[in-house]
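A closer look at the structure
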Amino acid sequence: MTTTDADQVTPETVEAVGAVEPADHDHGVHGYHKQKDEHLKRLRRIEGQIRGLQRMVDEDVYCIDILTQVSASTKALQSFALQLLEEHLRHCVADAAAKGGEGIDAKVEEATKAIARMMRT
């Protein structure tokens, strides 16, 4: 897959869509590392669903059929996010708890904010 200038994420595009820029985290092994290949496969499948939505609109498919596929795509993304959150809790938050100190408070706050963002969708 190639990207164009229009596909590049900039501070302006992040602000425009209300996305959150990645925080500065340790660049070590993350909680999803062991499942990385499965996650990528799952994301490619979701990407295929989104491309299917584009094709449906291009082909003037009935609105309700498109909405059904939007719902399926949304559920797939939510499921992926929930699994990623679980892995974050099991790995990153648990690691911070084991180390003790102020790191645990930061990780719990970070996870809480992520959950809040997920609940808004």
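See above for the structure.
Residues numbered from 1 in each chain as written. Predicted model: local features only at pLDDT ≥ 70, side-chain atom pairs only at ≥ 80, totals over all residues. Heavy atoms only, no water.

1. Some points on the overall build of the protein chain
Put simply, the rule is: Secondary structure counts use DSSP, requiring at least four H or I residues in a row for a helix and at least two E residues in a row for a strand, with both numbered from the N terminus. Categorising residues by exposure relies on relative accessible area from a 1.4 Å probe, with only protein chains included: less than 20% of the type maximum marks a residue as buried, more than 50% marks it as exposed, and the intermediate range marks it as partly exposed. Contact definition: two residues touch when any of their heavy atoms are within 4.5 Å. Each accessible area is a Shrake-Rupley estimate made with a 1.4 Å probe; only the visible protein chains count as cover when residues are assessed.
Broken down by element type, the protein chain carries four helices and zero strands. Along the protein chain, helices (α) and strands (β) appear in the sequence α-α-α-α when read from the amino end. Going through the 121 residues of the protein chain one by one, you find that 16% of them count as buried. Across the protein chain, every contact between residues at least 6 apart in sequence was considered, and the portion connecting residues at least 24 apart equals 53%. Only carbon and sulfur atoms are counted for the fraction: they give 56% of the accessible area of the protein chain, which is about 9,700 Å².

2. As for the layout of surface pockets
Note the following rule: Any residue with an atom within 4 Å of a point lines the site, the site being either a cavity, points on a 1 Å grid over the protein atoms alone where a 1.4 Å probe fits but cannot get out, or a pocket, an open set with protein on both sides within 12 Å along at least 5 of 7 lines. Grid points are joined across faces, edges and corners, and a volume is the space filled by probe spheres set on the points. Just so you know the grouping, Ala, Val, Leu, Ile, Met, Phe, Trp, Tyr, Cys and Pro go in nonpolar, Asp, Glu, Lys and Arg go in charged, and all remaining residues, Gly too, go in polar.
In this model, the second largest pocket occupies a volume close to 190 Å³. In terms of lining, the second largest pocket is formed by Tyr32, Lys36, His39, Leu40, Leu43, Phe80 and Leu84. Broken down by secondary-structure element, the contributors of at least two residues to the lining of the second largest pocket are α2 (36-58) and α3 (63-99). Ranked by residue count, the leading element in the lining of the second largest pocket is α2, at four residues. Residues that form the lining of the second largest pocket fall into these classes: five nonpolar, one polar and one charged.

3. Digging into the environment of alanine 111
Along the chain, alanine 111 falls in helix α4 (residues 103-120). Assessed through its relative accessible area of 4%, alanine 111 is described here as buried. Residues alanine 111 and leucine 89, spaced 22 residues apart in sequence, show a C-alpha to C-alpha distance of 7.5 Å.

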